[in-house]
Amino acid sequence: MEAKTIRQHLSENNLISSIVCLEEVDSTNEYLKRNAKQHPDGALVIAERQSAGKGSKGRSWQSEAGSGVWMSLLLKPKIHISKVPMLTLVMAVSIARAIRQLYELPALIKWPNDIVCHGKKLCGILTEMRNSLDQDYQVVIGMGINVNAKEFPQEICHRATSVFLETGTLQKRSYLVANIMNLFANDYRNFIEHEDLSGLLRTYSNLSATIGEQVRVLDAHGEYLATAISVNRKGHLLVEKEDKSLVEVFADEVSVRGIYGYAP
Ligand code: BTN
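Attention in this report is confined to the structure presented alongside it. Everything quoted here is computed from the prediction, not taken from an experiment.

Our next topic: the site of the ligand. Among the 20 residues in the neighbourhood of the ligand, the closest are listed as Ser27, Gln50, Lys54, Ser56 and Lys121. Note that an oxygen atom of the ligand is positioned 2.7 Å from one of the backbone N or O atoms of serine 56. A distance of 2.5 Å is found between an oxygen atom of the ligand and a side-chain nitrogen or oxygen belonging to lysine 121. Here the ligand, which alone exposes 410 Å², has 98% of that area covered by the protein. Mapped onto the shell around the ligand, the elements with two or more residues apiece are helix 2 (28-34), strand 3 (68-75), strand 6 (120-130) and strand 7 (138-146). With four residues, the top contributor of residues to the shell around the ligand is strand 6.

Next comes the structure, spelled out in structure tokens:
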């Protein structure tokens, strides 16, 4: 991928200050965390291949050369640090909308940070912080989008998919990157203006694969079944337990799984 091609498709109001395209790196998230001081707010780093791609919850993320978009965006927002996890949901909205608009696929968001299509994962988002004890902290939003992968290893092929597998056509990754960033420019401004998700909630809810579904919630005390009712303006999931009590679920505390297969 070339920075020049991505830039050609960026809209005027985009937030991207610089684009670094690398052939190989351990992880674009780690790269930006290491080099956050030298990079401006809005720096975008994209790698053809990651040798140590990171998934959420300490898992690894398969990042074969050329088969996907492996990228991270550096942000230095002036918001309270407690609001940073909401940025994952903001980016999820932008990515799901870009995939829908470009490929006419029914992409949905599995709360909080997966984009799924026909029940299989198309994209994962990993938001991390650097200097989190400092007022001057930085945020790195990492995105892994399966674009042109033709197959997946046996262990994950029942729950992973790619744009190619869904559409039958190889896609230009640079065009996807630019479209996501164009949509994110507006979604991010909306979020910063409200300092929460209130301006994006309707869109988020319409794109949710989780709301209305049966979910299994794993928290520190164990596991229970519930129905996902809504996502609130803080990005928390409201679930109704079998005894009809309502619980607010925080993304960093629990793991939510659909009870039928991988998604919702
Ligand atoms: C998940 O587990 O769903 C999150 C996956 C995030 C993967 C992306 S690929 C680009 C960036 N660099 C990483 O090491 N991880 C994220």
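Read on for the rest.
Taken in spatial order, the seven strands line up as 1-2-3-7-6-5-4 in an open sheet, and their pairing is mixed. Only two strands of the sheet have a single partner each, and these edge strands are strand 1 (18-25) and strand 4 (108-110). For this sheet, the mean inter-axis angle between neighbouring strands, taken without regard to orientation, is 20°. Sitting on the sheet, helix 5 (residues 173-194) is in contact with strand 2 (43-50), strand 3 and strand 7, with an inclination near 30° to strand 3.

On to helix 5. Along its 22 residues, helix 5 runs 32 Å from first to last C-alpha, staying within 8% of the 32 Å computed at 1.5 Å per residue. Of all the bends in helix 5, the greatest measures close to 25° and is centred on phenylalanine 184.

On to the side chain of serine 162. With respect to the helices, strands and loops of the structure, serine 162 is situated in the loop between strand 7 and helix 4 (163-167). Classification of serine 162 as buried rests on a relative accessible area of 0%. For serine 162, the side chain forms a polar contact with the main-chain oxygen of alanine 149, separated by 2.7 Å. Ignoring sequence-local partners within four residues, the contact set of serine 162 consists of Leu122, Asn146, Val147, Ala149 and Phe152.

Evaluation of the coordinates by the stated rule reveals 13 salt bridges. Between arginine 49 and glutamate 24 there is a salt bridge whose closest N-O contact spans 2.9 Å. Of the two residues, arginine 49 sits in strand 2 while glutamate 24 sits in strand 1, which places them 25 residues apart along the sequence. One salt bridge in this structure joins arginine 97 and aspartate 187, with 2.9 Å as the shortest N-O distance. In this pair, arginine 97 is assigned in helix 3 (residues 86-103) and aspartate 187 in helix 5, connecting sequence segments 90 residues apart.

Reading the values: rules and limits
- Residues numbered from 1 in each chain as written.
- Predicted model: local features only at pLDDT ≥ 70, side-chain atom pairs only at ≥ 80, totals over all residues.
- Heavy atoms only, no water.
- Near = heavy atom within 4 Å.
- Polar contact = N/O pair within 3.5 Å; in protein donor to acceptor, adjacent residues only side chain to side chain.
- Areas by Shrake-Rupley, 256 points an atom, 1.4 Å probe, with all protein chains shown as cover.
- Helix = DSSP H or I, 4+ residues; strand = E, 2+ residues; numbered from the N terminus.
- Pairing = 2+ DSSP bridges.
- Axes fitted to C-alpha atoms, helices over the stretch in contact; angles between N-to-C directions.
- Contact = heavy atoms within 4.5 Å.
- Expected span 1.5 Å × (residues − 1).
- Bend = angle between axes of the 7 residues up to and from the residue.
- Buried < 20%, exposed > 50% of the residue type's maximum accessible area, 1.4 Å probe, protein only.
- Salt bridge = Lys/Arg side-chain N within 4 Å of Asp/Glu carboxyl O.

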